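Residue strings, one per chain:
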Amino acid sequence: MSTADQVTQQERQAYIILSELFLDKDHTPLELHYLSTSLRPLGIPAATLQHMLRHDLFPILYPNLLSVAGEWQGFDEDWLLQKVQDRRSGRGVARWMKLDGVVWYLMGHMVQSLWDKVKEGLNDGLNARL
């Protein structure tokens, strides 16, 4: 496995934080602000975070959005990070790529709207520092 496939400590934290967007609950503005302020110190550009959300987390966690009794407390971090590592190393990904795009088209708005608010908070924090 190449080092490009390895998940850095900052990325691990980002995946855990971003996974909150897939919990079956109402996300308050305060919670979304907290996610923004938690992501900001990791130093990962917003475009990279969006890629991580869309291409790594969404295919793993979207089933939780379909479940009436979805996860409310959080995801097992070891399970989540192993699934992300598997995706990044390419194990079992190719055959699902088309399906991922279709599911994103149908359901991505459920996460994208929350991400847009988190990203806005990231940008607000950057502008405040300038």
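Every chain is numbered independently, its residues counted from 1 as its sequence is written. Restriction of local features to residues with pLDDT of at least 70 applies here, the model being predicted, together with a cutoff of 80 or more for giving and counting side-chain atom pairs; totals for whole chains, interfaces and linings are based on all residues. Side-chain measures here rest on the full set of heavy atoms in the structure, leaving out hydrogens and waters.

- Looking at an unreviewed UniProt entry, the chain carries the name DUF7079 domain-containing protein, with the source organism given as Amanita muscaria.

1. Focus on the overall build of the chain
Here is step 1 of the chain: Secondary structure elements are defined from DSSP: runs of H or I of at least 4 residues count as helices, runs of E of at least 2 residues count as strands, and each element is numbered from the N terminus. On a plain count of helices and strands, the chain comes out with six helices and zero strands.
Here is step 2 of the chain: N-terminal to C-terminal, the α/β element order of the chain is α-α-α-α-α-α.
Here is step 3 of the chain: Only protein chains enter the calculation, and the probe is 1.4 Å; a residue is then buried if its accessible area is under 20% of its type maximum, exposed if over 50%, and partly exposed in between. Within the chain, buried positions represent 42% of all 130 residues.
Here is step 4 of the chain: The contacts of the chain with a sequence gap of at least 6 include a subset with a gap of at least 24, amounting to 79%. The contact criterion used is simple: two residues touch if any of their non-hydrogen atoms lie within 4.5 Å.

2. A few points about the nonpolar core
Here is step 1 of the chain: Residues L18, L21, F22, L39, L49, L57 and W115 are the most contacted members of the largest nonpolar core, which totals 32 residues.
Here is step 2 of the chain: Breaking this core down by element, the ones donating at least two residues are α1 (9-18), α2 (29-39), α3 (46-66), α4 (77-88) and α6 (109-129).
Here is step 3 of the chain: Excluding residues within four positions of it along the chain, L57 makes contact with Y15, L18, S19, F22, M52, L80 and V84. Among buried residues, the Ala, Val, Leu, Ile, Met, Phe, Trp, Tyr and Cys ones that are joined through side-chain atoms within 4.5 Å form a nonpolar core.

3. Topic: α3
Here is step 1 of the chain: In a helix, the anticipated span is given by 1.5 Å times the number of residues less one. An ideal rise of 1.5 Å per residue puts 30 Å on 21 residues; α3 reaches only 26 Å between its terminal C-alpha atoms.
Here is step 2 of the chain: Note on bend: the value at a residue is the angle between axes fitted to the seven residues ending there and to the seven starting there. F58 marks where α3 bends most, by close to 70 degrees; the proline P59 follows one to four residues later.

4. Some thoughts on the packing of α1 against α2
Here is step 1 of the chain: At a minimum axis distance of 10 Å, the contact between α1 and α2 shows a crossing angle of 175 degrees. Judged by the inter-axis angle, α1 sits roughly antiparallel to α2. Within the contact between the two elements, α1 uses A14, I17 and L18 and α2 uses L35, S38 and L39. Axis definition: a line fit to C-alpha positions, over the contact stretch in the case of helices; interaxial angles, taken between N-to-C directions, run 0 to 180 degrees. Oblique is the label for any angle not under 35 degrees, not over 145, and not in the 65 to 115 range, which are roughly parallel, roughly antiparallel and roughly perpendicular in turn.

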